[in-house]
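For reference, the chains in residue letters:
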There are 6 protein chains.
Amino acid sequence: DFERALEEVKPAFGTSVETLDSYLTHGIIPCGETFDHLQRTLSVFVQQVQDSDKTPLLSVVLEGPVGSGKSALAAAAAKNSDFPFCKVVSSETMAGYSEQAKASQIIKVFEDAYKSPLSVIILDDIERLLEYVAIGPRFSNVILQALLVLVKRMPPQGHKLLIIGTTSMNDVMESMGLNEVFNVSLHVPALRMDEMVKVLRHLDCFSVGDIPEAVNLLTTVNSKVVPMKKLLLWLEMARQDVQDGQKLSLERWEEVLRELS
Amino acid sequence: DFERALEEVKPAFGTSVETLDSYLTHGIIPCGETFDHLQRTLSVFVQQVQDSDKTPLLSVVLEGPVGSGKSALAAAAAKNSDFPFCKVVSSETMAGYSEQAKASQIIKVFEDAYKSPLSVIILDDIERLLEYVAIGPRFSNVILQALLVLVKRMPPQGHKLLIIGTTSMNDVMESMGLNEVFNVSLHVPALRMDEMVKVLRHLDCFSVGDIPEAVNLLTTVNSKVVPMKKLLLWLEMARQDVQDGQKLSLERWEEVLRELS
Amino acid sequence: DFERALEEVKPAFGTSVETLDSYLTHGIIPCGETFDHLQRTLSVFVQQVQDSDKTPLLSVVLEGPVGSGKSALAAAAAKNSDFPFCKVVSSETMAGYSEQAKASQIIKVFEDAYKSPLSVIILDDIERLLEYVAIGPRFSNVILQALLVLVKRMPPQGHKLLIIGTTSMNDVMESMGLNEVFNVSLHVPALRMDEMVKVLRHLDCFSVGDIPEAVNLLTTVNSKVVPMKKLLLWLEMARQDVQDGQKLSLERWEEVLRELS
Amino acid sequence: DFERALEEVKPAFGTSVETLDSYLTHGIIPCGETFDHLQRTLSVFVQQVQDSDKTPLLSVVLEGPVGSGKSALAAAAAKNSDFPFCKVVSSETMAGYSEQAKASQIIKVFEDAYKSPLSVIILDDIERLLEYVAIGPRFSNVILQALLVLVKRMPPQGHKLLIIGTTSMNDVMESMGLNEVFNVSLHVPALRMDEMVKVLRHLDCFSVGDIPEAVNLLTTVNSKVVPMKKLLLWLEMARQDVQDGQKLSLERWEEVLRELS
Amino acid sequence: DFERALEEVKPAFGTSVETLDSYLTHGIIPCGETFDHLQRTLSVFVQQVQDSDKTPLLSVVLEGPVGSGKSALAAAAAKNSDFPFCKVVSSETMAGYSEQAKASQIIKVFEDAYKSPLSVIILDDIERLLEYVAIGPRFSNVILQALLVLVKRMPPQGHKLLIIGTTSMNDVMESMGLNEVFNVSLHVPALRMDEMVKVLRHLDCFSVGDIPEAVNLLTTVNSKVVPMKKLLLWLEMARQDVQDGQKLSLERWEEVLRELS
Amino acid sequence: DFERALEEVKPAFGTSVETLDSYLTHGIIPCGETFDHLQRTLSVFVQQVQDSDKTPLLSVVLEGPVGSGKSALAAAAAKNSDFPFCKVVSSETMAGYSEQAKASQIIKVFEDAYKSPLSVIILDDIERLLEYVAIGPRFSNVILQALLVLVKRMPPQGHKLLIIGTTSMNDVMESMGLNEVFNVSLHVPALRMDEMVKVLRHLDCFSVGDIPEAVNLLTTVNSKVVPMKKLLLWLEMARQDVQDGQKLSLERWEEVLRELS
Ligand SMILES: Nc1ncnc2c1ncn2[C@@H]1O[C@H](COP(=O)(O)OP(=O)(O)OP(=O)(O)O)[C@@H](O)[C@H]1O
Ligand SMILES: Nc1ncnc2c1ncn2[C@@H]1O[C@H](COP(=O)(O)OP(=O)(O)OP(=O)(O)O)[C@@H](O)[C@H]1O
Ligand SMILES: Nc1ncnc2c1ncn2[C@@H]1O[C@H](COP(=O)(O)OP(=O)(O)OP(=O)(O)O)[C@@H](O)[C@H]1O
Ligand SMILES: Nc1ncnc2c1ncn2[C@@H]1O[C@H](COP(=O)(O)OP(=O)(O)OP(=O)(O)O)[C@@H](O)[C@H]1O
Ligand SMILES: Nc1ncnc2c1ncn2[C@@H]1O[C@H](COP(=O)(O)OP(=O)(O)OP(=O)(O)O)[C@@H](O)[C@H]1O
Ligand SMILES: Nc1ncnc2c1ncn2[C@@H]1O[C@H](COP(=O)(O)OP(=O)(O)OP(=O)(O)O)[C@@H](O)[C@H]1O
Ligand SMILES: [Mg+2]
Ligand SMILES: [Mg+2]
Ligand SMILES: [Mg+2]
Ligand SMILES: [Mg+2]
Ligand SMILES: [Mg+2]
Ligand SMILES: [Mg+2]
């Protein structure tokens, strides 16, 4: 029976692994206790869903600033779960769909998940799924109502489901009552200076002695905290003219920073 | 005639019993006078509908915070009624439907009920049935108007109907004129400290001596009152690593509480 | 010609009498001058439409709090009129219809009425016909515009029509310009203490000596005035455990009052 | 050519005369200079359209309180014009139509008029044509835009058109820019005391000596000014029990006034 | 090639000349420097489009109070241009169309113009094209977006286009960003007293000596400035009873002024 | 493989070059460091996308006042890129389309781009693509949501994409969350006095000695800074009557400036 269930969900699974990887282009770079704790908590949830008979459904939402690493953390947790059904619900695959079509597709993913004994569904960028925009404000109530129901709906007897949502608009989630339907909410912050130091060390693109000054420059030109994704993009840009194997100079770094902000 | 009526509604009845049970996964744990009184009042209503010739229609709404046990109380009352027709109207079975389709389905349930001599209909999570969201605010006026009429509409001569609604948005109900169409409104509160003690004793997961401190920790980390469903979820999570038969330690309990809030 | 007109409208008439009765389950209990005067005024209108050649159209709206007896008074007046065409326009028979369908049905009733020499149409619960809800506020402008026109439209030469509307939202009616299209507006109030005494005496469910105290309890627990329908429901509930022929005790009465409010 | 044009529009004309009469059930009762002047001004417009070569299009709007006699004045002017094409555009004949259908019908009337050498179109109760309601506010912009264009659009070479609009919502007309498209706007007031005296004398329903007191009673119970239509309705009601040929007593009059307000 | 282009657009041209004339029923009466300057500026634009190779597209909007002569000035400039393609885009020919249909028709006119070597398009009464109404405010965003694009869109290589818009709602134009897409905006004012004197002299309807007093009366009864169209209408009305060849008396003039305002 | 990809996108490419040129009718006139820096930054982005393996997607938005040269800068960068796929997404080619059709077309362009190894897409006048208007405000959420997703969506493995947006409503972009999805935002300002001097020198239309005074006149009549496009249009107009080879006089210049503002 379990076998057959596995069989049934394979094709969906196949496509999804690639999707998960696309969220992990830079992998998960170790950057201190905050992120380690986030990863551990997520893996406890995975365990809980797998083991406990009384929690067939668990839902957690990762919220934090744009680019802080929410989608990557969700994807990594899903990948590590080894659950037979893993699926990312993302607006990227539904661009241009009507709200009804989007809602149907989301419901379809949940109904596919119910067929698998163990499933994880990532609701990526929930405000985007909802077609939210602050002017108005506007959003798709059709999709919102579907999510409000789906996140609370128990999978059928003997089936288990972990739901991981991500959002950079926690206040919007709250005003829509969406936070309330998730069992737990975790904050994914932008990087503090000490965490940036760790990332730069790991990436080995500056001479070790330059790293504090590099971080210093970054937080002077920008703000005190910097989201992971922004940091990685800027490094990439600065490394442009640098030959392989060579380190990035502080001059080049400062130049790029000034140019882009 | 009564027999035939019973016959007619059986299939509907059959499916519904399972539904009722799905609202009662943890049963009804005794936790003091407030909840006992709620249960008694509901059973008086059941009796009144069954016995009195002059009250063919009674409607009651259970309102209270998220997770306080409203749906479970409604389901228990319906189950104990032994009425031949019991049906839960829930948005869970209508995810993704258009508002017209939802309204039709709700009307259909009432019209099915009118065929049975004795019926109970649970309107679960009324704000969700209405697709309500505070931003805007938005909701389905089609469904609202249907409910405003259905809750007041007399069943045909010789047929009797009990309607139990649940909601965690009492103020919304009022501003929509929905409270006015229900004959009675009952408040289902979150658990006070003494009530949590009763629940923990009943569940027997802490050493008896630890229970006051366990409740203390809970209300310190959280708020003074805790909804039943939240308490049960957290216990489940804390019990995760605890072996069967063993009690939960206060350390593990505190750890889980801090992690999740 | 009159005969044929009668013939033509018979089926409609047939169904309607039952409807009228369903608004009069407790009959019209005598409760003092205010209600007597309301009944008399309505019967004068009936007479005026029947007799005068210069008033082929008269319209009156009964407004007052929820449950004050508006629909019953309208139904009683219609029943006593003995007009060959009597019809109640109520949202109860149109639950789930689109606003266009509701408007069409309402227009249809008026056009049927124009075929009868003498007609009375009850527009019951006008705010419900309009699908009104205070949040927004929202309502069906299609239906509103139809009503604004229909209530003022003259029946064809030689035909006469009395329109009786009911509403518990007089201020809404005014802000919609609906009051202005009715010729007369009458207020149906909730019962004062002396009127409640009359009702309790008539129903003979308390010992005569207990009645003042019963009313006293009621207005203490509730408000100073109580709508007729609420009073009748609570009496019904209190009488539940009382054996036939026996009077209701003040203790039982107080218990029920406390339980339900 | 003129003959053929007359031929062409005859059927429309035929139906319209009846409609005009239905606005004149009580005729035009003489009641002083204000109304005489209104009638004269309207007849000057009729003359101007008929005679002048340089004014092929004239538009006038009659505005004033509900029931002041606007429609009757418009109908009388149209009837006296003896123009071969006279048509009333009224929401009464379009109840339940969609706004598009209403707009089309209105446009149709104008296009029919363009075929006649001399036409008069009455736009009766413009706010009702626009489906206006103060809550919102809401109205049909489709119909409004059609009117804004139609009232300014020149009839084809050699054809002439007089447009008479009526409205009891002058401020709404202004905020919609509708007043600006009419060439002239005339105010039709409710009756002052001296005008009511004239009306009562004309109708001869009170003893001459009673008339001042009758008017006095009316303005005491009501407001200082009373619209023509309201006065006529109340007289009709008061006359109910009075035998033919007999005068109305001041007692009966006072009774009716108190009953209805 | 030019010949063929001319051929192609002829039918459209044919109909349009009549349209242009219908905007010029009273011709362009000389009334001083302001209007002369407006006419000269417009003719410079015509020249610029015709001669310069670097300005294939020029757009100008005429804004001013209702009736100030905007449409007439636009029509005169178009007529004098002798461009092979002249077209007026006016809501008059599109009454009752859906906003999509209107937008399509407007786009069609521009695409027809692109086929002619030299074209002028008049966008008459832009707020009416947009179905604008201040309540709400409401307007057709479909049409607005089309205009915002069309007014800036270059005609194809070797083709040239002059766009003349008219509007009496300059502030609305601005808040919609429409002013910004026109290259130039010109103000067409109502007539000052000295300009009115010039018009009255030209029309020769008063004795020369009466003209100052006639203007005086006009600005006393009305406002200090009077739009051209209003002045012409009132003169027409006053001349009604005056025999051909005779002058208008100041008495008759005053009477008409008082009657109409 | 690369060859085939080139083949595949050729037709699209062909049409686009013409489009790019239409944005460069006046070419890029050198006018100082600000604009030079903008051009250099854009060409760095082109390089980055071409060379770096880790940045398959780069997005930059050019924002600045109307007519400052945003579209020209974007077009020049795209033209210089020599990428096999270059496409401008502009509302000019979609006038009158429904918002769904526009969204589909935009998505189509992105999906075509994904087939080319190297692509550049210009999203020209984003507020126009969004059908934005300040009144309301209104805009197409369908198109907005598509853009929010498309600008962040990674092209498939081995394909690279540069996105250049332009807008004159930076604040609107921000309130819609659109700025956040672009990697970088660059400001394109209106010309300062020294920059205007450079442009006038380059165009050689004034005697060298007159240039300072010409700029002086311009900034006196207008504002301190003037957008490139406006400056070029006015020069064109002033040059109208000037014979080829001759310089523009300051008198003629002043006259034109006064006439048009
Ligand atoms: N410790 C880490 N945690 C999260 N992401 C990391 C970490 N180390 C490296 N990354 C990389 O950082 C990037 C984080 O981007 P990601 O898309 O997950 O952010 P996000 O918060 O979802 O952004 P957005 O708000 O735009 O959705 C990924 O490419 C990921 O591989
Ligand atoms: N005394 C009790 N009363 C109610 N529920 C109880 C009680 N004891 C245990 N429970 C359990 O608590 C849970 C209450 O959850 P339930 O879904 O009824 O809450 P709810 O108020 O309907 O929540 P929501 O606001 O999310 O709809 C159920 O699983 C039920 O079995
Ligand atoms: N004197 C009376 N006047 C009106 N109703 C009476 C009277 N005496 C008894 N009744 C009973 O009281 C009830 C009044 O209820 P009814 O539905 O008419 O009130 P309502 O004002 O229409 O309520 P709602 O606002 O809910 O529409 C009816 O059952 C009627 O039979
Ligand atoms: N001098 C008069 N002027 C106008 N109407 C008169 C006059 N004398 C008698 N009447 C009668 O008064 C009535 C006026 O009603 P009418 O429908 O014209 O008013 P109205 O202002 O159009 O009302 P509403 O605002 O409801 O449309 C008609 O029946 C008309 O015959
Ligand atoms: N010097 C003039 N300039 C403009 N119009 C003139 C002039 N002299 C006479 N006219 C006449 O005045 C009238 C002006 O009306 P026109 O419709 O052009 O005004 P408008 O400003 O477009 O009005 P609206 O705001 O209603 O569109 C025309 O009939 C025109 O022939
Ligand atoms: N240095 C320059 N930078 C930009 N444009 C220039 C420059 N020199 C000359 N131009 C010309 O200036 C014009 C700039 O117009 P363009 O349409 O690019 O402005 P825009 O900012 O996109 O305007 P809009 O806000 O209306 O979209 C083009 O014709 C271009 O050829
Ligand atoms: Mg993300
Ligand atoms: Mg519940
Ligand atoms: Mg009622
Ligand atoms: Mg009227
Ligand atoms: Mg005009
Ligand atoms: Mg541009």
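Residues numbered from 1 in each chain as written. Chains lettered and ligands numbered in written order. Predicted model: local features only at pLDDT ≥ 70, side-chain atom pairs only at ≥ 80, totals over all residues. Heavy atoms only, no water.

1. Side note on the arrangement of the chains
And step 1. In this structure chain A stays clear of chain D, and the shortest span between their C-alpha atoms is 17 Å.
And step 2. Considering only C-alpha positions, the minimal separation of the non-contacting chain C and chain F is 17 Å. (Contact = heavy atoms within 4.5 Å.)

2. Points about the site of ligand 2
And step 1. By nearness alone, 21 residues border ligand 2, and Lys152 of chain A together with Gly27, Ile29, Lys70 and Ser71 of chain B come closest of all.
And step 2. Residues near ligand 2 are shared among chains A and B, making this a multi-chain site.
And step 3. Take Gly69 of chain B: an N or O atom from its main chain is 2.8 Å from an oxygen atom of ligand 2.
And step 4. Here an oxygen atom of ligand 2 and a side-chain polar atom of Lys229 of chain B are 3.0 Å apart.
And step 5. Burial of ligand 2 by the surrounding chains reaches 95%, relative to a free accessible area of 630 Å².
And step 6. At the level of secondary structure, the elements contributing two or more residues to the shell around ligand 2 comprise α3 (70-81) and α11 (228-238) of chain B.
And step 7. Of the residues in the shell around ligand 2, the class split is 10 nonpolar, 7 polar and 4 charged. (Near = heavy atom within 4 Å. Polar contact = N/O pair within 3.5 Å; in protein donor to acceptor, adjacent residues only side chain to side chain. Areas by Shrake-Rupley, 256 points an atom, 1.4 Å probe, with all protein chains shown as cover. Helix = DSSP H or I, 4+ residues; strand = E, 2+ residues; numbered from the N terminus. Nonpolar A, V, L, I, M, F, W, Y, C, P; charged D, E, K, R; others polar.)

3. Thoughts on the nonpolar core
And step 1. Counting residues in each nonpolar core, the largest one holds 350 residues, and the members touching the most others are Trp253 of chain A, Trp253 of chain B, Trp253 of chain C, Trp253 of chain D, Trp253 of chain E together with Trp253 of chain F.
And step 2. Those residues in contact with Trp253 of chain A that lie beyond four places of it in its chain are Phe206, Ala214, Leu217, Leu218, Trp234, Leu235, Ala238 and Leu248 of chain A. (Core = buried A, V, L, I, M, F, W, Y, C linked by side-chain atoms within 4.5 Å. Buried < 20%, exposed > 50% of the residue type's maximum accessible area, 1.4 Å probe, protein only.)

4. Structural notes on the sheet that holds strand β3 (residues 118-123) of chain D
Residue and element names in this part refer to chain D.
And step 1. Spatial strand order, β2-β3-β4-β1-β5: 5 strands in an open sheet with parallel pairing. The open sheet has two edge strands, β2 (85-89) and β5 (184-187), and neither has a second partner. Put simply, the sheet's adjacent strands are angled 15 degrees from each other on average, direction ignored.
And step 2. Of the strand pairs in this sheet, β3 and strand β4 (residues 160-167) are connected by 6 bridges, and their pairing is parallel. From the neighbouring strand, Ser119 faces β4, where its bridge partner is Leu161. (Pairing = 2+ DSSP bridges. Axes fitted to C-alpha atoms, helices over the stretch in contact; angles between N-to-C directions.)

5. Some thoughts on the packing of helix α2 (residues 33-51) of chain E against helix α3 (residues 70-81) of chain E
Think of two packed helices as two axes; the pair is described by the angle between the axes and how far apart they sit.
All names here are of chain E.
And step 1. The geometry of α2 relative to α3 is characterised by a closest axis approach of 10 Å and an angle of 40 degrees between their N-to-C directions. Classified by the angle their axes make, α2 and α3 are oblique. In this structure, α2 meets α3 at a crossing whose hand is right-handed. Two secondary-structure elements touch here, α2 through Phe35, Leu38, Gln39, Leu42 and Val46 and α3 through Leu73, Ala77 and Ser81.
And step 2. Among the residues making up the contact of α2 with α3, the classes are represented as 6 nonpolar, 2 polar and no charged. (Parallel < 35°, antiparallel > 145°, perpendicular 65-115°, else oblique. Left-handed = near helix turned anticlockwise from the far one by under 90°.)

6. Description of empty space enclosed by the protein
And step 1. Taken as a whole and judged by the stated rule, the model has 4 cavities of 30 Å³ or more.
And step 2. Space inside the largest cavity adds up to approximately 90 Å³.
And step 3. Thr41, Val44, Phe45 and Gln48 of chain A together with Met237, Gln240, Arg252, Val256, Glu259 and Leu260 of chain B are the residues that line the largest cavity.
And step 4. Mapped onto the lining of the largest cavity, the elements with two or more residues apiece are α2 (33-51) of chain A together with α12 (250-260) of chain B.
And step 5. Here the second largest cavity defines a volume of roughly 40 Å³. (1 Å grid on protein atoms, 1.4 Å probe; cavity = no way out; pocket = protein on both sides within 12 Å on 5 of 7 lines; lining within 4 Å. Points joined across faces, edges and corners; volume = space filled by probe spheres on them.)

7. Re the sheet that holds strand β1 (residues 57-63) of chain C
Residue and element names in this part refer to chain C.
And step 1. Spatially, 5 strands are ordered β2-β3-β4-β1-β5 in an open sheet, and the strand pairing comes out parallel. Lying at the two open borders of the sheet, with one neighbouring strand each, are β2 (85-89) and β5 (184-187). Each neighbouring strand pair of the sheet contributes to a mean axis angle of 15 degrees, computed without reference to strand direction.
And step 2. Where β2 lies against strand β3 (residues 118-123), 5 bridges are found, and the strand directions are parallel. Pairing of Cys86 across the sheet is with Val120, part of β3.
And step 3. Against the sheet, helix α4 (residues 99-113) contacts β2, β3 and β4 (160-167), and its axis sits at roughly 170 degrees relative to β2.

8. Observations concerning the interface of chain A and chain B
And step 1. Taken together, the contacts link 26 residues of chain A with 20 residues of chain B.
And step 2. In total, about 2300 Å² of surface goes out of reach between chain A and chain B, with carbon and sulfur atoms giving 59% of it.
And step 3. Contact with chain B buries area across many residues of chain A, yet Gln48, Gln145 and Val149 of chain A alone supply 21% of it, more than any other trio.
And step 4. Across the chain A-chain B interface, the total number found is 1 salt bridge.
And step 5. Asp125 of chain B is paired through a salt bridge with Lys152 of chain A; the nearest N and O atoms lie 4.0 Å apart.
And step 6. Across the contact surface, chain A and chain B share 6 residue pairs in polar contact (both at pLDDT 80 or more).
And step 7. Only α2 and α6 (141-150) of chain A provide two or more residues apiece to the side of chain A that touches chain B.
And step 8. With 6 residues, α2 of chain A is the single largest residue contributor to the side of chain A that touches chain B.
And step 9. In terms of residue class, the side of chain A that touches chain B is built from 10 nonpolar, 10 polar and 6 charged. (Buried area = accessible area lost by both parts, 1.4 Å probe. Salt bridge = Lys/Arg side-chain N within 4 Å of Asp/Glu carboxyl O.)

9. Comments concerning the side chain of Ser52 of chain B
And step 1. Considering the arrangement of structural elements, one finds Ser52 of chain B in the loop between α2 (33-51) and β1 (57-63).
And step 2. Since its relative accessible area comes to 7%, Ser52 of chain B is described here as buried.
And step 3. The contact partners of Ser52 of chain B, leaving out residues within four places of it in the chain, are Lys160 of chain B together with Glu236 and Gln240 of chain C.

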